[in-house]
Amino acid sequence: MVDVLGLDIGGANTKVAYIQTEKDKIKNVEVIVEYFPVWKNPDNLVLVLQKLVDVLGDRFDAVGVTMTAELSDVYSTKREGVEHILGCVKKVFPNNFLYVLNTNARLVSFEEACVVPLEVAAANWMATGWLISQYFENCVIIDVGSTSTSIIPVINGKVTAQGKTDLDKLICGELVYTGSLRTNLATIVQTVPIKGTVATVSSELFALSGDVHLILNNIQELQYNSETADGKASTKKNALTRLARLICADTEMLTDKELTTMAQYIYEKQIQQIATGLNQVYQYTKKTATTKVPVIIAGLGKNFLAKKAAEQINADLIMDLDELFHTKVTLAVPAVGVALMVAKQIEVEKHDS
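Below or above, wherever it landed, is the structure these notes cover.

The rules behind each value
Residues numbered from 1 in each chain as written. Predicted model: local features only at pLDDT ≥ 70, side-chain atom pairs only at ≥ 80, totals over all residues. Heavy atoms only, no water. Pairing = 2+ DSSP bridges. Helix = DSSP H or I, 4+ residues; strand = E, 2+ residues; numbered from the N terminus. Buried < 20%, exposed > 50% of the residue type's maximum accessible area, 1.4 Å probe, protein only. Contact = heavy atoms within 4.5 Å. Expected span 1.5 Å × (residues − 1). Arc of directions from axis to C-beta. Core = buried A, V, L, I, M, F, W, Y, C linked by side-chain atoms within 4.5 Å. Axes fitted to C-alpha atoms, helices over the stretch in contact; angles between N-to-C directions. Phe/Tyr/Trp six-rings, centres within 6.5 Å; stacked < 30°, edge-to-face > 60°. Left-handed = near helix turned anticlockwise from the far one by under 90°. Nonpolar A, V, L, I, M, F, W, Y, C, P; charged D, E, K, R; others polar. Polar contact = N/O pair within 3.5 Å; in protein donor to acceptor, adjacent residues only side chain to side chain.

### Describing the pairing of strand 3 (residues 25-35)
Reasoning step 1: Relative to strand 3, strand 2 (residues 13-22) is paired through 10 bridges, and the arrangement is antiparallel. What sits directly across from Ile19, in strand 3, is Val29.
Reasoning step 2: Hairpin connection of strand 2 to strand 3: 2 residues between the antiparallel strands, including Lys23 at a positive phi of 55°.

Below, the structure written as structure tokens:
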């Protein structure tokens, strides 16, 4: 039996997965997702990690790490971000074996990761792709989180992403910077229909995608667990107020019905936004794959964004990751993926010794 802790350290959410494996099979899994905006106080990452370890205990053989928080503007460069994040991890796990995932699907030592920080920056998509590739020969994975959407092709059991860095992925459609909760609505639409005409939107941070999805019942209040644009509670009433500000209005000027119609319009545009990237990746995957290519949906937005985008591009088949794993796993797939990678490597090392 192998016990591993997997960490996926994001800019807004830190996700931890504890897994037990036996002969490459997951026997037990526990997942915790902690909202932690790293840009507010990056040094508090140590406290967050320690809190999570206190909940899960210290009964593990090794720790696997992947991250995206290095992109946060609290760091001047990605190099600085990676070094700080790894330093925080080392403080919490000074005596554990640490493995860090790079964008070539290799687990490297803590020391090597510090030498080549750009190779481990924003590698969490590889953990997701690798995990699903253990179950599907050909597929495209679409993981819609709170902030962004990762689209990952798998061909012949291998992750075949064209991009390795976030920049490359934005170019080739494998990263769409729109998500279920934290996306500024002004990045989804520039105009909205209202009162029989069209209004341009303000570019202020007045409302977020979480407001739209709360108004439309795509999410519940408890699922809107990140900060709102105005700092007020994540209630539907407050969401309507925030949405009205997008066009410099308020709820005395616009009815709930008008605002709900506006929310539906923005929602459809966000689906199109994701579908554009998904179609780009899906088409080049289908050209190479020799079988039908299912789209595997995951993340908080799997049902109301990923699935809708896959339907829009007429995917061969749409499969929910819940069909393979429990729901809690699908909310922290990279953490589970890097944990399983480490567990497999440990089993190989034990066998070889």
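### Let's talk about the environment of Val65
Reasoning step 1: Structurally, the position occupied by Val65 is in strand 4 (residues 62-67).
Reasoning step 2: According to the relative accessible area criterion, Val65 is buried, its value standing at 1%.
Reasoning step 3: When the C-alpha atoms of Val65 and Val338 are compared, they prove to be 6.8 Å apart, with 273 residues separating the residues in sequence.
Reasoning step 4: Among residues more than four places away in sequence, those in contact with Val65 are Leu7, Ile9, Leu86, Val89, Tyr99, Val100, Leu101 and Val338.

### What about helix 2 (residues 78-92)?
Reasoning step 1: With 15 residues, helix 2 extends 21 Å from end C-alpha to end C-alpha; this agrees with the ideal 21 Å at 1.5 Å per step.
Reasoning step 2: Those residues of helix 2 lying buried are Gly81, Val82, Ile85, Leu86, Cys88, Val89 and Val92. For helix 2, the arc enclosing every buried residue in end-on projection is 155°, short of the 170-degree limit, so these residues lie on one face.
Reasoning step 3: Taken together, the buried residues of helix 2 touch strand 1 (2-9), helix 1 (45-56), strand 4, strand 5 (97-101) and helix 3 (110-115).

### Details of the nonpolar core
Reasoning step 1: In this structure, Ile142, Leu185, Leu243, Ile247, Met262, Ile266 and Leu278 are the most contacted members of the largest nonpolar core, which totals 53 residues.
Reasoning step 2: Elements that contribute at least two residues to this core include exactly strand 7 (139-144), strand 11 (191-194), helix 6 (209-215), helix 7 (236-245), helix 8 (256-288), strand 13 (294-298) and helix 9 (302-312).
Reasoning step 3: If you tally residues by element for this core, the top one is helix 8, at 12 residues.
Reasoning step 4: Residues contacting Ile247, with those up to four places away along its chain left out, are Val192, Ile194, Ala199, Thr200, Val201, Leu254 and Met262.
Reasoning step 5: Within the second largest apolar cluster, 40 residues are counted, among which are Val31, Ala127, Val336 and Met341.

### Examining the sheet that holds strand 2
Reasoning step 1: The strand order 3-2-1-4-5-6 describes an open sheet built from 6 strands, whose pairing is mixed. Two strands close off the open sheet at either side, each with one partner strand: strand 3 and strand 6 (107-109). Within the sheet, the average angular offset between the axes of one strand and its neighbour, ignoring direction, is 25°.

### Some remarks on the environment of Leu101
Reasoning step 1: Residue position: Leu101 is located in strand 5.
Reasoning step 2: Given the relative accessible area of 0%, Leu101 is considered buried.
Reasoning step 3: Through-space distance from the C-alpha of Leu101 to that of Ala309 is 29 Å; in sequence the pair is 208 residues apart.
Reasoning step 4: Once residues within four sequence positions are removed from consideration, Leu101 is found in contact with Val65, Thr66, Arg106, Leu107, Val120, Ala123, Met126, Ala127, Val338 and Met341.

### Side note on the packing of aromatic side chains
Reasoning step 1: The tally for this structure, following the rule as stated, stands at 2 aromatic pairs.
Reasoning step 2: For the ring pair Phe60 and Phe93, a centre distance of 5.9 Å and an interplane angle of 65° mean the geometry is edge-to-face. Of this pair, Phe60 sits in the loop between helix 1 and strand 4 while Phe93 sits in the loop between helix 2 and strand 5, and the two are 33 residues apart along the sequence. Comparing Phe60 with Phe93 shows no difference in burial state: the two are buried.
Reasoning step 3: Aromatic pair Tyr135 and Phe325: ring centres 5.4 Å apart, planes at 85°, arrangement edge-to-face. On the criterion of sequence distance, the pair formed by Tyr135 in the loop between helix 4 (124-133) and strand 7 and Phe325 in the loop between strand 14 (317-320) and helix 10 (327-330) is long-range, its members being 190 residues apart.
Reasoning step 4: When its relative accessible area of 41% is taken as the criterion, Tyr135 is described as partly exposed.
Reasoning step 5: For Phe325, a relative accessible area of 11% gives the class buried.

### With respect to unusual backbone geometry
Reasoning step 1: Even without being glycine, Ala105 reaches a positive phi, approximately 65°.
Reasoning step 2: Looking at the secondary structure, you find Ala105 in the loop between strand 5 and strand 6.
Reasoning step 3: The exposure class of Ala105 is partly exposed, given its relative accessible area of 30%.
Reasoning step 4: The phi torsion at Ala122 lies on the positive side, around 50°, for a residue other than glycine.
Reasoning step 5: Examined against the element boundaries, Ala122 turns out to sit in the loop between helix 3 and helix 4.

### Remarks on the packing of helix 8 against helix 9
Reasoning step 1: It is at 8 Å that the axes of helix 8 and helix 9 come closest, and there the two elements cross at 65°. For the pair helix 8 and helix 9, the sense of crossing is right-handed. Facing helix 8, whose interface residues are Tyr267, Gln270, Ile271, Gln272, Ile274, Ala275 and Leu278, helix 9 presents Phe304, Leu305, Lys308, Ala309, Ala310 and Gln312.
Reasoning step 2: Within the contact of helix 8 with helix 9, the residues separate by chemical class into 9 nonpolar, 3 polar and 1 charged.

### A word on the side chain of Asn102
Reasoning step 1: Residue position: Asn102 is located in the loop between strand 5 and strand 6.
Reasoning step 2: At a separation of 2.9 Å, a polar atom in the side chain of Asn102 contacts the main-chain amide nitrogen of Asn104.
Reasoning step 3: With residues near it in sequence (within four places) discarded, Asn102 still touches Val108, Glu119, Val120, Ala123 and Met126.

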